[in-house]
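Architecture and fold: a report
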Amino acid sequence: MKVLVIGKGGREHSIVWRLHESESVWKIFCATGNPGINQIAEPVAIAPTDIPALIEFARSKSVDLTVVGPEDPLAAGIVDEFTRAGLKIFGPTAQASQLETSKSFAKTVMREAGVPTAEFESFDDADAARRYVQSRKGSMVVKADGLALGKGVVVCHEQSAALGAIADAMERGRFGIAGKRVVIEEFLTGEELSFFALCDGENAIALGTAQDHKAIFDGDRGPNTGGMGAYSPVPQFGVEIEARIMAEVVRPTLAAMNARGTPYRGVLFVGLMIDGEKINVIEFNVRFGDPECEALMMRFDGDLAETLLAAAEGNLAKASIRLSPRSAVAVVMSSGGYPGEYAKGIEITDLERIEGNAPSEIKTKWALNKIRVKVFHAGTAMREGRLVTDGGRVLTVTAMAPKLAAAVDAAYQAAEMIEFKGRHFRRDIAHRALARISASGRASV
Ligand code: AMP
Ligand code: GLY
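In this text the structure is predicted, and so the values were computed from the model without any measurement.

Cut-offs applied
- Residues numbered from 1 in each chain as written.
- Chains lettered and ligands numbered in written order.
- Predicted model: local features only at pLDDT ≥ 70, side-chain atom pairs only at ≥ 80, totals over all residues.
- Heavy atoms only, no water.
- Helix = DSSP H or I, 4+ residues; strand = E, 2+ residues; numbered from the N terminus.
- Expected span 1.5 Å × (residues − 1).
- Buried < 20%, exposed > 50% of the residue type's maximum accessible area, 1.4 Å probe, protein only.
- Contact = heavy atoms within 4.5 Å.
- Phe/Tyr/Trp six-rings, centres within 6.5 Å; stacked < 30°, edge-to-face > 60°.
- Near = heavy atom within 4 Å.
- Polar contact = N/O pair within 3.5 Å; in protein donor to acceptor, adjacent residues only side chain to side chain.
- Areas by Shrake-Rupley, 256 points an atom, 1.4 Å probe, with all protein chains shown as cover.
- Nonpolar A, V, L, I, M, F, W, Y, C, P; charged D, E, K, R; others polar.
- Pairing = 2+ DSSP bridges.
- Axes fitted to C-alpha atoms, helices over the stretch in contact; angles between N-to-C directions.
- Patch = residues over 30% accessible without salt bridge, like charges linked within 9 Å, V, L, I, M, F, W, Y side chains within 5 Å.
- Salt bridge = Lys/Arg side-chain N within 4 Å of Asp/Glu carboxyl O.
- Parallel < 35°, antiparallel > 145°, perpendicular 65-115°, else oblique.
- Left-handed = near helix turned anticlockwise from the far one by under 90°.

Let's talk about helix H13 (residues 404-417)
With 14 residues, H13 extends 20 Å from end C-alpha to end C-alpha; this agrees with the ideal 20 Å at 1.5 Å per step. All buried positions along H13 are accounted for by Leu 404, Ala 407, Val 408, Ala 410, Ala 411, Tyr 412, Ala 414, Ala 415 and Met 417. The inward-facing, buried residues of H13 abut strand S14 (229-232), strand S19 (327-334), helix H12 (360-368), strand S20 (372-377), strand S23 (393-401) and helix H14 (431-440).

Thoughts on the packing of aromatic side chains
As enumerated under the stated definition, the model contains 7 aromatic pairs in all. Here the aromatic rings of Phe 29 and Phe 57 are separated by 5.1 Å at their centres, their planes lie at 85°, and the arrangement is edge-to-face. With Phe 29 in strand S2 (residues 27-32) and Phe 57 in helix H2 (residues 51-60), the pair connects residues that are 28 residues apart, well separated along the chain. On the accessibility criterion, Phe 29 (3% relative accessible area) is buried. Note on Phe 123 and Tyr 132: the rings are 5.2 Å apart at their centroids and 50° apart in plane angle, and the pair reads as tilted. Residue Phe 123 is classed as buried on the basis of its relative accessible area of 12%. Judged by relative accessible area, which is 15%, Tyr 132 ranks as buried. Connected via pairs of aromatic rings, a cluster forms that spans Phe 196, Phe 269 and Phe 288.

So, the site of ligand 1
Around ligand 1, a shell composed of 13 residues is seen, among which Glu 185, Glu 186, Leu 188, Glu 192 and Glu 283 lie nearest. A distance of 2.7 Å is found between a nitrogen atom of ligand 1 and a side-chain nitrogen or oxygen belonging to Glu 185. Its free accessible area being 470 Å², ligand 1 has 84% of it covered by the protein chains.

Focus: the site of ligand 2
Residues in contact with ligand 2, as listed here, are Asp 212, Gly 226, Phe 269, Arg 287, Gly 289, Asp 290, Pro 291 and Glu 292. In the environment of ligand 2, a nitrogen atom lies 2.8 Å from a nitrogen or oxygen atom belonging to the side chain of Asp 212. Arg 287 has a polar side-chain atom sitting 3.0 Å from an oxygen atom of ligand 2. For ligand 2, whose free accessible area comes to 200 Å², the fraction covered by protein is 86%. The residue makeup of the shell around ligand 2, split by class, is 2 nonpolar, 2 polar and 4 charged.

Side note on the sheet that holds strand S6 (residues 120-123)
Sheet architecture is open: 4 strands sit in the order S6-S9-S7-S8, paired in antiparallel fashion. The open sheet has two free edges, formed respectively by S6 and strand S8 (153-156), since each of these has just one partner strand. Each strand axis lies, on average, 20° off the axis of its neighbour in the sheet, ignoring direction. Strand direction decides the pairing type here: strand S7 (residues 140-144) and strand S9 (residues 182-186), joined by 5 bridges, are antiparallel. Counted as the bridge partner of Met 140 is Glu 186 from S9. Packed onto the sheet, helix H6 (residues 103-113) meets S6, S7, S8 and S9 and runs at close to 140° relative to S6. Running at roughly 155° to S6, helix H7 (residues 126-134) makes contact with S6, S7 and S9 of the sheet.

Some points on the environment of Ile 6
Along the chain, Ile 6 falls in strand S1 (residues 2-7). Spatially, the C-alpha atom of Ile 6 lies 7.5 Å from that of Thr 66, the residues being 60 residues apart in sequence. Once you skip the residues sitting within four places of it in the chain, Ile 6 turns out to touch Glu 12, Ala 31, Pro 48, Leu 54, Thr 66, Val 67, Val 68, Gly 69, Pro 70, Pro 73 and Ile 78.

A word on the side chain of Ser 104
Counting through the fold element by element, Ser 104 comes out in helix H6. Setting aside its immediate chain neighbours within four residues, Ser 104 contacts Ser 122, Asp 145, Arg 181 and Val 183.

Thoughts on a nonpolar patch on the surface
A grouping of Val 153, Val 155 and Phe 187 is seen on the molecular surface, where their side chains present a nonpolar patch of about 220 Å² in accessible area. Structurally, Val 155 is set in strand S8.

Quick look at the sheet that holds strand S10 (residues 191-200)
In spatial order, the strands read S16-S15-S10-S11-S14-S19-S23-S20; together these 8 strands make up an open sheet with antiparallel pairing. Here the strands that pair on one side only, and so sit at the sheet edges, are strand S16 (278-285) and S20. When the angles between neighbouring strand axes are averaged without regard to direction, this sheet yields 25°.

So, the packing of helix H1 (residues 10-20) against helix H10 (residues 292-299)
For the pair H1 and H10, the least separation of the axes is 8 Å and the interaxial angle reads 15°. Taken together, the axes of H1 and H10 are roughly parallel relative to one another. Relative to H10, the crossing made by H1 is left-handed. On H10, the residues that touch Gly 10, Arg 11, Ser 14, Ile 15, Trp 17 and Arg 18 of H1 are Cys 293, Glu 294, Met 297 and Met 298.

Some remarks on the pairing of strand S22 (residues 386-389)
Bridge analysis of strand S21 (residues 380-383) against S22 gives 4 bridges, and the strand direction is antiparallel. The residue of S22 that forms the bridge with Ala 381 is Val 388. What sits between the antiparallel neighbours S21 and S22 is a turn of 2 residues, in which Glu 384 has the positive phi angle 45°.

Examining the packing of H6 against helix H9 (residues 240-259)
Packed helix pairs are characterised by how far apart their axes lie and by the angle those axes make with each other. At their nearest, the axes of H6 and H9 sit 9 Å apart, and the two run at 105° to each other. Relative to H9, the element H6 lies roughly perpendicular. Contacts between H6 and H9 involve Phe 105, Val 109 and Ala 113 from the first element and Pro 252, Thr 253, Ala 256 and Met 257 from the second. Of the residues that constitute the contact of H6 with H9, the class distribution is 6 nonpolar, 1 polar and no charged.

The quantities given are spatial measurements derived from coordinates; they are silent on function.
Dropping the structure here:
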């Protein structure tokens, strides 16, 4: 089949790469692509939210399946419009995308579905929100209802901080329209976990667990980013947790969405807080995470295009997938200054030394230990024949190995080989799992 992928980051590069390995795929287009993607997919210069132009392109090239990476085109209704035009597309409709685009919607669906989540109330009126805060004890979390570039969540350990967050969002317009409504919820403690499921409206298939590292610096310090690294699976929770999340979260959510007449198709990204036996959903996203996707795509073993087409057609019940039990880790290399201001156009060197071209002793070590290394492009561009930086997150260096520690070592060995001025990466990706493994002496994990 011919596939069109929408997006241009590390997530989309990993999806394109996995589709390129799919037997059923013979041609890939990507709108808009990047220098890594463009080596295996034909770039299409149409913005991800220019839906009419994308429809015309998909029709003119007889594209069999479109796969959407980021949330913006989903929220803008790309799935609704492609479907109306008779084109197959993987992702949720605009209404179903509200699981990500409106926190109050997501919480209401969780409540209807009986999905475990923090106690909450939604408010359109600042005085009512203040009265609620004054009636509660303990830490609280104040969240802008809409998409706020990951900045709309304020954890408040004092009542005064919660009152300030309400005024900022609802009265001072700090998050624009996204903050006119707020959700106020109970503060949860524990360890965060992400889980991904492919959904076809009725059925879901588990794609596994991952853990993201949002802060820019080691030890989870500094401002939050889009994600500085991830690994999958997350061994400290065991595989049993996947069945629990499917039974307690994913299936009830699909049933509730169906009952509302807005069936959910696409990837359901569940953000959870785990505390001993207690699991609570923090949020839903309606797309793959970035860089979680890069780690998951390393582990995905099978025909991704057939699987996503089955999901788009409501046929997942007959599909089966295989995920490698090996560990994958993704380390993001970012531009100096990110997530604040950063320069673009800085030359990237030595990328060709990774993958097939690593020095022979490293190549032998990776081969002997069954280590696979892959570098995905996130924010890169070609200028006058040179590869340069073109975004905050520049590259995602990904490795997979039978043991997590070996995958982590290989990813760092590869990252050290790639140079660009001001490059930054966290040195402690997977630290929670590695600490747990060394504490328990379970070197087999
Ligand atoms: P969200 O955008 O809802 O995923 O929230 C962003 C981050 O805020 C999460 O990844 C958590 O680290 C934190 N957070 C959100 N809600 C809660 C909560 N109820 N309790 C504790 N931390 C939370
Ligand atoms: N890495 C987190 C996200 O993609 O939302």
